[in-house]
Amino acid sequence: MFDAVAVAACSIATHKMEAVMVGQISVPMVKGYDFGVGADLTSGSPMARVVEGERSGVDGAHGTTVSFELRRTQTTAELEEALGINVEASLGCAAFGSGMSARFSFAKSSKIQSSSLFMALVARVGLEFLSIDEPALTSDAVTLVDNQSQFAQRFGNMFVRGVTRGGLFLGVLRIETSGSEEAQDISAALQGTYGMFSAEAEANISKVQKDHRSEISYLMYHEGGPTDLPVGDPNDPLQLLRNANLFLESFQARPEEVSVAYEATLAPITIARGPFPPNAADIEHAQDVIQFCARRRSAMLDQLNLLQHITDQPSRFVFSDEGQNEAIVAAASATASDLDLIAACASRAMNNPAKAKMPVDFAAEQGAEFPKAILPPLPSPASRRDVSGVYRHVTEGVGEANWILTPDGGNSYHAQEQGIGNAQGSAAFMENDNRLVIEFVASGGTTGATGVYDWTLDASLGAGEGTLTFHTGGDGRVHDSRLIRIQDLPGAG
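About the cut-offs
- Residues numbered from 1 in each chain as written.
- Predicted model: local features only at pLDDT ≥ 70, side-chain atom pairs only at ≥ 80, totals over all residues.
- Heavy atoms only, no water.
- Helix = DSSP H or I, 4+ residues; strand = E, 2+ residues; numbered from the N terminus.
- Buried < 20%, exposed > 50% of the residue type's maximum accessible area, 1.4 Å probe, protein only.
- Contact = heavy atoms within 4.5 Å.
- Areas by Shrake-Rupley, 256 points an atom, 1.4 Å probe, with all protein chains shown as cover.
- pLDDT = per-residue confidence, 0-100.
- 1 Å grid on protein atoms, 1.4 Å probe; cavity = no way out; pocket = protein on both sides within 12 Å on 5 of 7 lines; lining within 4 Å.
- Points joined across faces, edges and corners; volume = space filled by probe spheres on them.
- Nonpolar A, V, L, I, M, F, W, Y, C, P; charged D, E, K, R; others polar.
- Axes fitted to C-alpha atoms, helices over the stretch in contact; angles between N-to-C directions.
- Parallel < 35°, antiparallel > 145°, perpendicular 65-115°, else oblique.
- Left-handed = near helix turned anticlockwise from the far one by under 90°.
- Salt bridge = Lys/Arg side-chain N within 4 Å of Asp/Glu carboxyl O.

Looking at the overall build of the protein chain
Okay, step 1: Regarding its fold elements, the protein chain presents 12 helices and 23 strands.
Okay, step 2: Across the 493 residues in the protein chain, those meeting the buried criterion constitute 48%.
Okay, step 3: Restricting to contacts in the protein chain with at least 6 residues of sequence separation, those with at least 24 account for 68%.
Okay, step 4: Surface accessibility of the protein chain: about 22600 Å² in total, with carbon and sulfur atoms responsible for 51%.

Spelled out as C-alpha cells, the structure:
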C-alpha cells in the first residue's frame, strides 16, 4: 500500500499544473451522499466511494447550535442564501445540482418581487458536526490513479468529507403594504434575532397585524423536525411562528429521531493524496458559465415575479395606456423564455464541460437570442385607495344606520355607527378584493352585542353587498347587508 500511495503522490506532482483550485463547500444533502463518497465537480452527482478514514467531531464541541431570526428578504438571491443555495460558489452543484430542486422550487414559489414586503423566518438546528479528519484514498481508487479518465468517471473529483445533522426551517411572510414607508415600518418592527420560543416575536407579529391591517400570507419549508406540522390558515402568520416553535421544540425532546443530514461538506479529492481533476481548463470555464447562469437566474426570477405581480394585480398600479400593460405581458413571456435558456445553458455546462458556453453564445448556437426580454417602462404604484367617509347600511332583520369611517393609518379606520346600536369598532379595507370589514361592539338598544360586517365593494368603492354576523348578543343568524357611500367625512376637502 505504501508504494501505491507513493505512486499516487508522483501522479499528483505530474498533473499539478492542471489542477483547478477548488476549496471545500457546503451543499444540500443529496440522496447517495455518505462519508467518503465521491462527487462530480459540476453536477454534484454522487459517485463511488473514493476516500476512507475515521470520522469525528471537534474536540470539546459536542453541543447543539440553534439560530432563529426574522429578516427582510428583498430578492430571490437573498432567499436562496437563506436556503443554502450558494450562487457564488465555484461548484455547479451548489447552484444547480440535484440537491437543490426542492429548495429552489420553494424559492421560486415564494415569488419574491419588489412591490410587496417579504420577511423570511429562518430557524436552524445543528447537532455535532462530523467529518473525516485524515482522508485517504480507498484501495479501489488507488488502482485507477494513473488513468484519470476512468478515475473521474468512477469517483468524480470531490468527496463528502463532512455532514451537518439537524434541521432547517424556513417560512416566508408576504405582506401587502401601501408603500415603501409602511413596508419599512413593518420590517423594522419585525426584523431581529429571537431566542427559542420567543414571546417577543409573537407580540411583534400581533402588533403589526393590529396596527397595519395588512394582507399577510405565508409559505413554509423544512428539512427535519416533525413530519406533521399543521398547515392551518395560510393567512395567519402566527401559525407559521407556532410551527417554527414546534420544529425547534422537537429537537429538544427527541433530537436523534427528528434530525436529518441536511448539508454535506464536499472537499477536493486532492487533499486525500488523489489525482487532480482532468481537463482543468474546460472545468474552470464551465464553472464560470454556471456561476454566471446562477446569478442571472436569481435576478431574472425577481424580474418575472414583479411583471407577473403587476399583471395579476392591475388595480394596484396606474398604467399610462393599454399598450403599457401589453408590453408588460410580453416582457413577462420573454423573461420566462430567457429563464428556460439559462437552465439549458447551465445544464450543458454541468453535463459537458468541454462544450460549455456563455448564454449569448449558447443561444446563437441554438438559433435564438439572449436576452429576449427588454424591460418596458413600469406603471407607477397606485395611491392607496381611501374608503374614509359616511356610509349608509341597510341590514336585513336589523335595520339601517350610518357608519362613519375615520383614517387610522394604512388600510385601517376607526368606525362609529350612528343609529341602531350606536356601535363602534375598527374597520379594515382589503384592496386585493375590495372587502370592507368592520369589527364592532354595540351599545344602546342592543347592549353588549358584538359582531362583524363584511362587505365587498364595487369598483368605485361607492356601494357594496355583504353580511352581518353576530359574535354575541344576536340571534345567531347571518344577515344580508347592503352598503352605500353617502358623503365624504365632514370637513374633508
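A closer look at the environment of Val142
Okay, step 1: Considering the arrangement of structural elements, one finds Val142 in helix H4 (residues 139-143).
Okay, step 2: Its relative accessible area of 11% is what places Val142 among the buried residues.
Okay, step 3: With 92 residues separating them along the chain, Val142 and Val50 place their C-alpha atoms 8.9 Å apart.

What to know about the confidence of the model for the protein chain
Okay, step 1: Looking at the protein chain as a whole, the pLDDT averages 83, with 87% of positions reaching at least 70.
Okay, step 2: The least confident element of the protein chain is helix H1 (residues 2-14), whose mean pLDDT is 33; the most confident is helix H12 (residues 359-365), at 96.
Okay, step 3: pLDDT under 50 marks residues 1-21. Its contacts with residues more than four places away, or in other chains, come to 21 contacts.
Okay, step 4: Low pLDDT, under 50, characterises residues 89-95; the predicted model gives this stretch 34 contacts beyond four residues in sequence or across chains.

Overview of the layout of surface pockets
Okay, step 1: Approximately 500 Å³ is the volume found for the largest pocket.
Okay, step 2: Around the largest pocket sit 21 residues that line it, and Ser214, Glu215, Ile216, Asn235 and Met430 are the ones nearest its centre.
Okay, step 3: Listing elements by their share of the lining of the largest pocket, those giving two or more residues are strand S10 (158-176), strand S12 (215-223), strand S19 (424-430) and strand S20 (435-441).
Okay, step 4: For the lining of the largest pocket, the element with the most residues is S19, which contributes 4 residues.
Okay, step 5: Within the lining of the largest pocket, the residues separate by chemical class into 6 nonpolar, 7 polar and 8 charged.
Okay, step 6: Taken as a whole, the second largest pocket holds about 400 Å³ of empty space.
Okay, step 7: Around the second largest pocket, the lining is made up of 23 residues, and of these Ser115, Thr177, Ser178, Gly179 and Pro381 lie nearest the centre.
Okay, step 8: Listed by contribution, the elements that provide at least two residues to the lining of the second largest pocket are helix H6 (180-190) and helix H10 (280-312).

A closer look at empty space enclosed by the protein
Okay, step 1: Tallied over the full model, the rule gives 3 cavities of 30 Å³ or more.
Okay, step 2: The volume enclosed by the largest cavity comes to roughly 70 Å³.
Okay, step 3: Taken together, 11 residues make up the lining of the largest cavity; nearest its centre are Glu176, Thr177, Glu215, Arg316 and Asn411.
Okay, step 4: Taken together, the residues of the lining of the largest cavity break down into no nonpolar, 5 polar and 6 charged.

Re the packing of H6 against helix H7 (residues 199-212)
Okay, step 1: Orientation of H6 relative to H7, taken along the N-to-C sense of each, is 155°, at an axis distance of 9 Å. The angle between the axes of H6 and H7 places the two elements in the roughly antiparallel class. In terms of crossing hand, the pair formed by H6 and H7 is right-handed. For the pair H6 and H7, contact is made by Glu182, Asp185, Ile186, Ala189 and Leu190 and by Asn204, Ile205, Val208 and His212, respectively.

So, unusual backbone geometry
Okay, step 1: In this chain, Phe370 is followed by Pro371 through a cis amide linkage whose omega measures -5°.
Okay, step 2: Among the secondary structure elements, Pro371 is positioned in the loop between H12 and strand S15 (380-381).
Okay, step 3: Backbone geometry places Lys111, a non-glycine residue, at a positive phi of 50°.
Okay, step 4: Notably, Asn422 is not glycine yet its phi reads approximately 45°, a positive angle.
Okay, step 5: Of note, Asn422 is situated in the loop between strand S18 (412-418) and S19.

Details of the environment of Leu170
Okay, step 1: Along the chain, the position of Leu170 falls in strand S10.
Okay, step 2: Note: C-alpha distance between Leu170 and Met220 (50 residues apart in sequence) is 6.0 Å.

Thoughts on the pattern of salt bridges
Okay, step 1: Inspection of every chain in the model, using the stated rule, returns 15 salt bridges.
Okay, step 2: The residue Arg242 makes a salt bridge to Asp236 at a minimum N-O spacing of 3.0 Å.
Okay, step 3: Overall, the relative accessible area of 36% leaves Arg242 in the partly exposed class.
Okay, step 4: On the accessibility criterion, Asp236 (21% relative accessible area) is partly exposed.
Okay, step 5: Across the salt bridge formed by Asp488 and Arg485, the nearest N and O atoms sit 2.9 Å from each other.
Okay, step 6: Classification of Arg485 by relative accessible area gives partly exposed; the value is 27%.

Things to note about the packing of H7 against helix H8 (residues 237-253)
Okay, step 1: Put simply, H7 and H8 touch, their axes get as near as 10 Å, and they point 170° apart. The angle between the axes of H7 and H8 places the two elements in the roughly antiparallel class. For the pair formed by H7 and H8, the contact residues are Ala201, Glu202, Ile205, Ser206 and Gln209 on the first element and Pro237, Leu238 and Leu241 on the second.
Okay, step 2: Classifying every residue of the contact of H7 with H8 by side-chain character gives 5 nonpolar, 2 polar and 1 charged.

Details of the environment of Pro268
Okay, step 1: Within the fold, Pro268 resides in strand S13 (residues 260-268).
Okay, step 2: In this structure the C-alpha to C-alpha distance between Pro268 and Arg161, which are 107 residues apart in sequence, comes to 9.1 Å.

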